[in-house]
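Letter by letter, the chains look like this.
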Amino acid sequence: MPAAGSGTRLDSDRPKAFVELAGMTLLEHCVLGTLASGAATEIVVAVPEALVRPAQDLLAALLASADLGPGAGTAVRVVAGGADRIASVDRALAAADSPDLVLVHDAARCLTPPAVFTRVVGALRAGAPAVVPVLPMTDTVKRATGTGPTGGEALVSDLDRAALRRVQTPQGFDAAVLREAHAHQRSDPHPAATDDAQLVERLGHPVEAVAGDERALKITYPIDLRIARIHLEESPA
Ligand code: CTP
Ligand code: MG
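Notes on the structure follow. Residue numbers run consecutively from 1 along every chain, following the written order of its sequence. The lettering of chains begins at A and the numbering of ligands begins at 1, in the order of writing. The predicted origin of the model limits local features to residues at a pLDDT of at least 70 and limits the giving and counting of side-chain atom pairs to 80 or more, whereas totals for whole chains, interfaces and linings rest on all residues. Heavy atoms from the whole structure form the basis of all side-chain values; hydrogens and water molecules are not counted.

Patches were defined on residues exceeding 30% relative accessible area and lacking a salt bridge, with like-charge contacts within 9 Å and nonpolar side-chain contacts (Val, Leu, Ile, Met, Phe, Trp, Tyr) within 5 Å. All accessible-area figures derive from a Shrake-Rupley calculation using a 1.4 Å probe, and residue coverage is judged against the displayed protein chains alone. A pairing counts as a salt bridge when a side-chain nitrogen of Lys or Arg comes within 4 Å of a carboxyl oxygen of Asp or Glu. On the surface, a nonpolar cluster with roughly 270 Å² of combined accessible area is contributed by Tyr221, Ile223 and Ile227. Looking at where Ile227 falls in the secondary structure, it is placed in helix 7 (residues 222-234). Note on Ile227: relative accessible area 32%, which makes it partly exposed. Secondary structure elements are defined from DSSP: runs of H or I of at least 4 residues count as helices, runs of E of at least 2 residues count as strands, and each element is numbered from the N terminus. Per-residue accessibility, obtained with a 1.4 Å probe over protein chains only, is compared with the maximum for each type, and a residue is labelled buried under 20%, exposed over 50%, and partly exposed between these values.

Shown next, in the form of structure tokens:
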């Protein structure tokens, strides 16, 4: 679970995973949601280095006090993350046991419903090596190609919106495929990579979609916290 970002765009006084939403940090919401899905046998969280100990204390208290449902007994560990998301996932992966399947789930998508986990795991169990939850695009999309006549971006409309998808997490992988993809990224970095599916795709493995969910939104800007509060009011965890 990558949770080591600083949350620059959220503009808060602490790293994003430690920001509160309805009385609990995003990290706690995310760990509880993951446990409630019953999809994890072990959770490894990557947080900013200075917050490893506080995160351990926070999560130990949470596990001791909350009703964990199907997640009871799941081990939760905390490691120091890296300079970018891929590096944080890499560190969490290095600290994880050796299961057959791995889910990579952003702490920032802390309200992801259990059904999304279930769909991802279902496709993995059916044999897909890489699975991502997606939603359709709603905005018209254009591609920036350079500079326009008065200095703004020049745009072309050569992307078919109907063929584009917004990608969420948890992304699920055959563990060996994901480990190979991260090893390749370490030896031959793709600097613009923003998710794990891209790394796996680079090795030639197919990436398959399942339905995502609007409640799995990534908390990015302050407005997203307000939207998340509305989701919580409408369907409390
Ligand atoms: N992440 C991480 N390690 C990093 C950077 C990001 O584990 N070095 C995690 C974040 O904690 C988040 C997820 O990757 O759960 C998606 O990243 P993003 O939404 O961009 O979060 P931040 O990087 O914290 O936000 P910002 O880009 O606004 O600073
Ligand atoms: Mg970021």
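And the narrative resumes.
Summarising burial for strand 3 (residues 42-47): six of the six residues are buried, a large majority. Burial of the side chains of strand 3 extends over both faces: Glu42, Val44 and Ala46 are buried on one face and Ile43, Val45 and Val47 on the other. Strand pairing follows a simple DSSP-based rule, namely that at least 2 bridges must link the two strands. Looking at chain direction, strand 3 and strand 4 (residues 75-80) are connected through six bridges and run parallel. In the sheet register, Val47 faces strand 4, and the bridge partner there is Ala80. Traced from strand 3 through helix 2 (residues 52-65) to strand 4, the parallel crossover comes out right-handed. Seen with the strands pointing away from the viewer, any crossover whose path from the first strand over the helix to the second strand runs clockwise is right-handed.

A word on unusual backbone geometry. The phi angle of most residues is negative, glycine excepted, and most peptide bonds adopt the trans form. The omega torsion of the bond from Thr169 to Pro170 falls at 10°, within 30 degrees of zero and hence cis. One can find Pro170 in the loop between strand 9 (165-167) and strand 10 (171-174). Phi is positive for Asp11, close to 55°, though the residue is something other than glycine. Looking at the secondary structure, you find Asp11 in the segment before strand 1 (20-21). Here the phi dihedral of Ala22 falls at roughly 50°; this positive angle occurs in a residue that is not glycine. Within the secondary structure, Ala22 is located in the loop between strand 1 and strand 2 (24-25). The exposed category is assigned to Ala22, whose relative accessible area is 56%.

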